[in-house]
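# Residue-level structure breakdown
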Amino acid sequence: MTAAHKVKTRPILPRCMQVIERGWLSCNSIVFQEDRHAVMIDSGYGNEAAETLALLDRAILGKPLTRLLNTHCHSDHIGGNAALQKKYRVHTTVPIGEAPIIERWDDEELLLTYADQAAQRFAVDATLAPGDVVRLGNLDWQVLAAPGHDHHALIFFSPDERIVITGDALWENDFGVVFPALRGD
Ligand SMILES: [Zn+2]
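Everything in this summary refers to the structure shown in the same document. (Residues numbered from 1 in each chain as written. Predicted model: local features only at pLDDT ≥ 70, side-chain atom pairs only at ≥ 80, totals over all residues. Heavy atoms only, no water.)

### Some remarks on the coordination of the zinc ion
Here the zinc ion is held by the protein donor atoms His72 (NE2), His74 (ND1), His149 (NE2) and Asp168 (OD), which lie 2.1 to 2.3 Å from it. One can describe the site at the zinc ion as irregular: its 4 donor atoms subtend angles covering 87 to 171° at the metal. When the donor residues of the zinc ion are listed from N- to C-terminus, their spacing reads H-x1-H-x74-H-x18-D. With His72 in the loop between β4 (65-69) and α3 (75-78) and His149 in the loop between β8 (139-145) and β9 (154-158), this pair connects stretches of sequence that are 77 residues apart. Across the pair, exposure class does not vary: His72 and His149 are buried alike. (Donors = N, O, S within 2.8 Å, 3.2 Å for Na, K, Ca; no water. Tetrahedral: all angles 85-135°; square planar, octahedral: opposite > 155°, others 65-115°. Helix = DSSP H or I, 4+ residues; strand = E, 2+ residues; numbered from the N terminus. Buried < 20%, exposed > 50% of the residue type's maximum accessible area, 1.4 Å probe, protein only.)

Structure representation (structure tokens):
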């Protein structure tokens, strides 16, 4: 392999889209700027909710956050949901298969006990299912099923921009951890 092949290039994202990168193991959040408001995907660990709010403030510069979507409902992706709902009254959407898990607040499936995390309960306003199309920024995103890491996880694919937002279904150079202890075979 030549030196040129080792150069790692950063992807060029559309102007409407920002990635808030967090430390291991908290999730990365995606922020979309729309004309008068902003939208966020995934909200980080509960014990980092104050940091999530501060990072979001810097990203959206006074715009209201009106919508929050979750790729899946593990503790590091939903931990900031309650704080965001409290501050912005944000409309919150989860994968359709996750809604009953949120409803009964299943500590095991939410990886709260497994990851020794705390999260406050939050309200689910809507659900998304595979086959839906959602408008984020000025782009249409196909909602696709991505079971494996999480049985009900959804990913978002923009054919126009050739970008996929994978949650934990795919990691850089790898795929996400599978939890047989929770799901059996
Ligand atoms: Zn996860």
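Anyway, onward from the coordinates.
### Details of the sheet that holds strand β10 (residues 163-165)
Taken in spatial order, the 4 strands line up as β7-β8-β9-β10 in an open sheet, and their pairing is antiparallel. At either end of the open sheet lies a strand with only one pairing partner, and these are β7 (133-136) and β10. In this sheet, adjacent strand axes meet at a mean angle of 30° when their direction is disregarded. Where β7 meets β8, 4 bridges bridge the pair, whose relative direction is antiparallel. Bridge pairing links Leu136 to Leu139 in β8. (Pairing = 2+ DSSP bridges. Axes fitted to C-alpha atoms, helices over the stretch in contact; angles between N-to-C directions.)

### Describing helix α2 (residues 49-60)
Given a rise of 1.5 Å per residue, 12 residues ought to cover 16 Å, and the 16 Å separating the end C-alpha atoms of α2 matches this to within 8%. After α2 finishes, the residue Leu61 shows a positive phi value of roughly 50°. (Expected span 1.5 Å × (residues − 1).)

### Considerations on the side chain of Asp76
Summarising the element assignment, Asp76 is placed in helix α3. Buried charge without a salt bridge: Asp76, with Arg22 as the nearest opposite-charge side chain at an N-O distance of 10 Å. The contact partners of Asp76, leaving out residues within four places of it in the chain, are Leu25, Ser26, Cys27, Gly44, Tyr45 and Asp168. (Lys, Arg positive; Asp, Glu negative; His and termini not counted. Salt bridge = Lys/Arg side-chain N within 4 Å of Asp/Glu carboxyl O. Contact = heavy atoms within 4.5 Å.)

### Notes on the packing of α2 against helix α4 (residues 81-88)
Packing of α2 against α4 brings their axes to within 9 Å, and their N-to-C directions diverge by 50°. Taken together, the axes of α2 and α4 lie oblique to each other. As for the relative orientation of α2 and α4, their crossing is right-handed in sense. Where α2 approaches α4, its residues Ala49, Leu53, Leu56, Asp57 and Ile60 are matched on the opposing element by Ala83, Leu84, Lys87 and Tyr88. Residue composition of the contact of α2 with α4, by class: 7 nonpolar, no polar and 2 charged. (Parallel < 35°, antiparallel > 145°, perpendicular 65-115°, else oblique. Left-handed = near helix turned anticlockwise from the far one by under 90°. Nonpolar A, V, L, I, M, F, W, Y, C, P; charged D, E, K, R; others polar.)

### As for the sheet that holds strand β1 (residues 17-20)
With mixed pairing, the 6 strands of this open sheet are ordered in space as β1-β2-β3-β4-β5-β6. Of all the strands in the sheet, just β1 and β6 (126-128) have a single pairing partner and so form its edges. Each neighbouring strand pair of the sheet contributes to a mean axis angle of 25°, computed without reference to strand direction. As defined by bridge partners, strand β5 (residues 91-95) adjoins β6 across 3 bridges and the pair is classed as parallel. Bridge pairing in β6 links Val94 to Thr127. Strands in contact with α4 are β3 (38-41), β4 and β5; relative to β4, the strand with the most contacts, it is inclined by about 160°.

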